[in-house]
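# Coordinate inspection notes
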Amino acid sequence: MPDNREHLSIVPSLGVIEDAITSKTAALPDVVTAELDLLTPQELEVSRLRTGLDIGMTRTHAEVARELGMLVPSVALSEIRALNKLRDSGNARVDSQSD
């Protein structure tokens, strides 16, 4: 039986993964950070968990609902509100730059 342990060297350690996530979130442009300030704490947390901004792994509405103690429809509504706020803010910024 072949020894497959040499393939383990290509799997990054947890520390390497955490460093990559930290560096990516730390490098978010100021405009993105400013946009996120438009969201309520709940909208921000739902968005963070749904998109994987926390650990790089996306979650379903059901997983987010379980983690935050919310109902699935409330998670979906919170996500929709957050996306609408971010879209509207982006559209307003583009409109003001074209004037």
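Residues numbered from 1 in each chain as written. Predicted model: local features only at pLDDT ≥ 70, side-chain atom pairs only at ≥ 80, totals over all residues. Heavy atoms only, no water.

### Here's the deal with the pattern of salt bridges
What counts is decided by this rule: A side-chain nitrogen of Lys or Arg and a carboxyl oxygen of Asp or Glu constitute a salt bridge if their distance falls within 4 Å. Each helix is a run of DSSP H or I of at least 4 residues and each strand a run of E of at least 2, with the numbering of both proceeding from the N terminus. Exposed residues in this analysis have more than 50% of their type's maximum accessible area, buried residues have under 20%, and partly exposed residues fall in between, with area computed by a 1.4 Å probe over protein chains only.
On inspection of all chains with the given rule, the structure shows five salt bridges. Arg48 is paired through a salt bridge with Glu45; the nearest N and O atoms lie 2.4 Å apart. Highlighted residues: Arg48 and Glu45, both in helix α3 (residues 41–51), separated by three residues, approximately one helical turn. Accessibility expressed as a relative area gives 24% for Glu45, which makes it partly exposed. One salt bridge connects Asp88 with Arg87, and the closest N-O pair in it is separated by 3.2 Å. Here Asp88 falls in the partly exposed class, since its relative accessible area comes to 42%.

### Thoughts on the packing of α3 against helix α4 (residues 61–68)
Basically, it comes down to this: Structural elements are reduced to axes, namely lines fitted to C-alpha atoms, with helices fitted over the stretch in contact, and the angle between N-to-C directions of any two is expressed from 0 to 180 degrees. If an angle is under 35 degrees, it is roughly parallel; if it is over 145, roughly antiparallel; if it lies from 65 to 115, roughly perpendicular; otherwise it is oblique. The hand of a helix crossing depends on one turn: near helix anticlockwise from the far one by less than a right angle means left-handed, and clockwise means right-handed. Residue contacts are counted whenever heavy atoms from the two residues lie within 4.5 Å of one another.
The N-to-C vectors of α3 and α4 enclose an angle of 130°; their axes lie 10 Å apart at closest approach. Between α3 and α4, the interaxial angle falls into the category oblique. The interaxial crossing formed by α3 with α4 has right-handed handedness. Between α3 and α4, the residues in contact are Glu45, Val46, Leu49 and Arg50 and His61, Val64, Glu67 and Leu68, respectively.

### A look at the environment of Arg50
For clarity, the cut-off: Definition of a polar contact: a pair of N or O atoms within 3.5 Å, with one able to donate and the other able to accept a hydrogen when the atoms are protein atoms, and with sequence-neighbouring residues admitted only if both atoms are side-chain atoms.
Note on placement: Arg50 falls in helix α3. Through-space distance from the C-alpha of Arg50 to that of Val75 is 9.4 Å; in sequence the pair is 25 residues apart. Not counting residues within four places of it along the chain, the set of residues in contact with Arg50 comprises Thr58, Arg59, Thr60, His61, Val64 and Glu79. For Arg50, the side chain forms a polar contact with the main-chain oxygen of Arg59, separated by 2.6 Å.

### Thoughts on the confidence of the model for the chain
Worth spelling out the cut-off: The score called pLDDT rates the predictor's confidence residue by residue, from a low of 0 to a high of 100.
For the chain, per-residue confidence averages 75 on the pLDDT scale, and 58% of positions sit at 70 or higher. At the level of individual helices and strands, the chain shows its lowest average pLDDT in helix α1 (residues 14–26), which scores 53, and its highest in α4, which scores 96. A low-confidence stretch, residues 7–12 (pLDDT under 50), is modelled with one contact involving residues beyond four sequence positions or located in other chains.

### Let's talk about the environment of Thr40
Within the element layout of this structure, Thr40 appears in the loop between α2 (30–36) and α3. In sequence terms Thr40 and Ser78 are 38 residues apart; their C-alpha atoms lie 9.2 Å from each other.

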